[in-house]
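Tertiary structure, described
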Amino acid sequence: MILYFTGTGNSKFVSDYLAESLNDEIISLNDVIKNKKKLKFNSERPYVVVAPIYAWRFPLIIEKLIRKAEFIGNKSIYFVGTMESQTGNCAKYLQKLSEEKKMKFMGFSGVAMPNNYVIGGKLPDKKEAYAKIKSAIPQIRSISDKIALGEKLHKTDKTPFSAILSGMINSMFNKYMVSSKNFNVSDKCISCGKCVDFCPVNNVIIKDGKPLFGEKCLNCYSCINRCPEEAINIGTKTQKNGRYVCPEYNVWKESKNKGNDSN
Ligand SMILES: Cc1cc2nc3c(=O)[nH]c(=O)nc-3n(C[C@H](O)[C@H](O)[C@H](O)COP(=O)(O)O)c2cc1C
């Protein structure tokens with residue numbers, strides 16, 4: 001069973017690929033979280049959890065969800081992270097978590113996908129994003145092959161100072177930086193409500209025709225990246241950084257089959 005969480009679609013893309021190639025069931029943790037569904041999963045086949053990397057770890061909400069959830073049936077669990085480039089010591093924490101759950105840790109692998117960290121600088125344009133997705137495919141295929149054979153996954157990226165980054169810096173990130181405090185909405189907003197629909201934790205409501213942000217933000221940046229008018233910003237820093245949303249796997253596959261890799 002593939003369980004995925006996503007902000008801007010990269011982790012869903014990887015999960016859709018794995019679900020297709022492994023002919024396995026796929027569950028959206030966004031849906032589970034948003035609609036407060038039971039944290040009870042049942043699979044005869046190994047569990048595969050796919051999520052973005054936030055500050056060199058799995059998102060805190062996903063670590064907590066795994067800790068709370070009941071996994072019935074198969075006792076093996078794989079982890080796949082999607083990231084811009086670095087996963088730090090993420091694997092170590094996931095191994096510990098698997099042990100707590102009395103499940104067999106089948107390894108972790110990070111897949112470098114386009115960056116969605118809109119506060120950090122300019123995001124890739126469509127052409128750059130497609131090129132990065134294309135270069136990730138052999139690794140996603142290799143992950144799928146390993147899972148199919150019941151082999152362990154291994155981390156492929158290298159992160160200097162990973163113990164500090166995934167440890168102290170990650171804790172500080174979750175404690176002090178994860179917030180929607182400086183989010184603001186420009187007059188370009190058309191009140192379409194996409195930010196409300198896509199927020200995995202129901203942190204956005206529309207008030208007087210504009211989104212209003214609560215205090216549960218995860219900083220997945222789904223609302224900012226998916227806003228069709230680029231109307232949501234963090235202070236003024238994000239105004240010129242562009243936006244990124246991953247193509248749906250089926251759309252990408254179709255365009256690839258037509259020999260059109262760049263749009
Ligand atoms: C809050 C936040 C923190 C991030 N931290 C990292 C990181 O530590 N290392 C990295 O390589 N990429 C980092 N990224 C980039 C994302 O992990 C990457 O773009 C991911 O594939 C997004 O997945 P999604 O589209 O499924 O949400 C971060 C992105 C966000 C929004």
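Before any of the text, the structure's been laid out above.
This section reports on the structure supplied with the text. Because the structure is predicted, anything quoted here is derived from the model rather than measured. (Residues numbered from 1 in each chain as written. Predicted model: local features only at pLDDT ≥ 70, side-chain atom pairs only at ≥ 80, totals over all residues. Heavy atoms only, no water.)

**Overview of the packing of aromatic side chains**
Throughout the structure, instances matching the rule amount to twelve aromatic pairs. With a centroid separation of 5.3 Å and 80 degrees between ring planes, the pair formed by Phe-13 and Trp-252 is classed as edge-to-face. Within this pair, whereas Phe-13 is found in helix α1 (residues 10–22), its partner Trp-252 is found in helix α9 (residues 249–257), the two being separated by 239 residues in sequence. Each member of the pair Phe-13 and Trp-252 is classed as buried. Considering the side-chain rings of Tyr-47 and Phe-71, the 5.0 Å spacing of their centres and the 75 degrees angle between planes classify their relative orientation as edge-to-face. Of this pair, Tyr-47 sits in strand β4 (residues 47–52) while Phe-71 sits in strand β5 (residues 70–73), and the two are 24 residues apart along the sequence. As far as the burial class goes, Tyr-47 and Phe-71 line up, both buried. By the ring-pair criterion, three or more aromatic residues cluster together here, those being Phe-13, Tyr-17, Tyr-249 and Trp-252. Positioned over the ring face of Tyr-93 is Arg-57, at 3.5 Å from the centre of the ring. For the cation-ring pair, Lys-92 lies above Tyr-93, with the distance from its terminal atom to the ring centre recorded as 5.0 Å. (Phe/Tyr/Trp six-rings, centres within 6.5 Å; stacked < 30°, edge-to-face > 60°. Helix = DSSP H or I, 4+ residues; strand = E, 2+ residues; numbered from the N terminus. Buried < 20%, exposed > 50% of the residue type's maximum accessible area, 1.4 Å probe, protein only. Lys NZ or Arg CZ within 6 Å of the ring centre and 35° of its normal.)

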